[in-house]
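These are the residues of each chain, in order.
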Amino acid sequence: MSLPTISELKAQAKRLRTAVPVVDGKPLGHGQALELVARQYGYRDWNTLHAAAGNGPKVLLSLGDRVSGDYLHQPFTGEVIGVAAVGAHGHLRVTVRFDEPVDVVTFDSFSAYRTRVTATVDEYGVTAAKTSDGVPHMRVRRLAS
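Computed from a prediction, not measured in an experiment: that's the story for all the values here.

A.B. asks: Explain the environment of Gly-42 to me, using residue names and the numbers behind them.
C.D. replies: Position of Gly-42 among the secondary structure elements: in the loop between helix H2 (30–40) and helix H3 (46–53). Gly-42 gets classed as exposed once you look at its relative accessible area, which sits at 66%.

A.B. asks: Can you tell me about H3, naming the residues and giving the values?
C.D. replies: Buried within H3 are the following residues: Trp-46, Leu-49 and Ala-53. Down the axis, H3 shows its buried residues gathered within 65° of arc, on one side only. Exposed residues lying more than 90 degrees from the buried face of H3 are Asn-47 and Ala-51. Residues of H3 that are buried make contact with helix H1 (6–19) and H2. Downstream of H3 by one or two residues, Gly-54 has phi in the positive range, about 90°.

A.B. asks: Which residues make up the sheet that holds strand S5 (residues 91–103), and what values go with them?
C.D. replies: In space, the 5 strands of this open sheet follow the order S6-S5-S4-S3-S7, with antiparallel pairing throughout. Where the open sheet ends on each side, the last strands, each with one partner, are strand S6 (113–121) and strand S7 (138–142). Ignoring strand direction, the axes of neighbouring strands in this sheet form an average angle of 35°. Judged from the 8 bridges that link them, S5 and S6 form a sheet pairing that is antiparallel.

Calculation rules
- Throughout, residues of each chain are indexed from 1 in the direction in which the sequence is written.
- Thresholds applied to this predicted model are a pLDDT of at least 70 for local features of residues and 80 or more for the giving and counting of side-chain atom pairs; totals over whole chains, interfaces and linings are not thresholded and use all residues.
- Side-chain metrics in this entry use all non-hydrogen atoms of the structure; hydrogen atoms and water are not considered.
- Only DSSP runs of H or I reaching four residues or more are called helices, and only runs of E reaching two or more are called strands; each is numbered from the N terminus.
- Exposure categories follow from relative accessible area, calculated using a 1.4 Å probe and restricted to protein chains: below 20% of the type maximum is buried, above 50% is exposed, and the middle band is partly exposed.
- The directions considered for the arc are those from the helix axis to the C-beta atoms.
- By definition in these notes, contact holds between two residues if any of their heavy atoms fall within 4.5 Å.
- Any two strands are treated as partners once DSSP identifies two or more bridges connecting them.
- For helices, the axis comes from a line fit to the C-alpha atoms of the stretch in contact; other axes are also lines fit to C-alpha atoms, and the angle between any two N-to-C directions lies between 0 and 180 degrees.

Here it is in structure tokens:
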């Protein structure tokens, strides 16, 4: 089972405080609510759950997801048409079909358009491969539905 993000877990704690405002005759504090949420997920305390869920935004992509980002310095929107897990570190091989072709050449004298691309991204949706100026080849994120 994958865990919700930290912000989603904190929102659950906030909802719990609203739903159960008093415990043992005392107001339920935010810290207590966080500890209760941690126990609901099987963790001994909030710090352990927080470490397991991670601090950063994770990208979870599925077939058909609408995505946006940048590829070789060019902004794009598109659809995920292929996705596969790669290794044990949360990396994904993702194929994106762009809504509009992306020109991957920066010279004024000619163009080279791509309509789809396959790249391996980490759990943040960023490629390890970088352009000559140090920018990741691709950054991708799922659009809110």
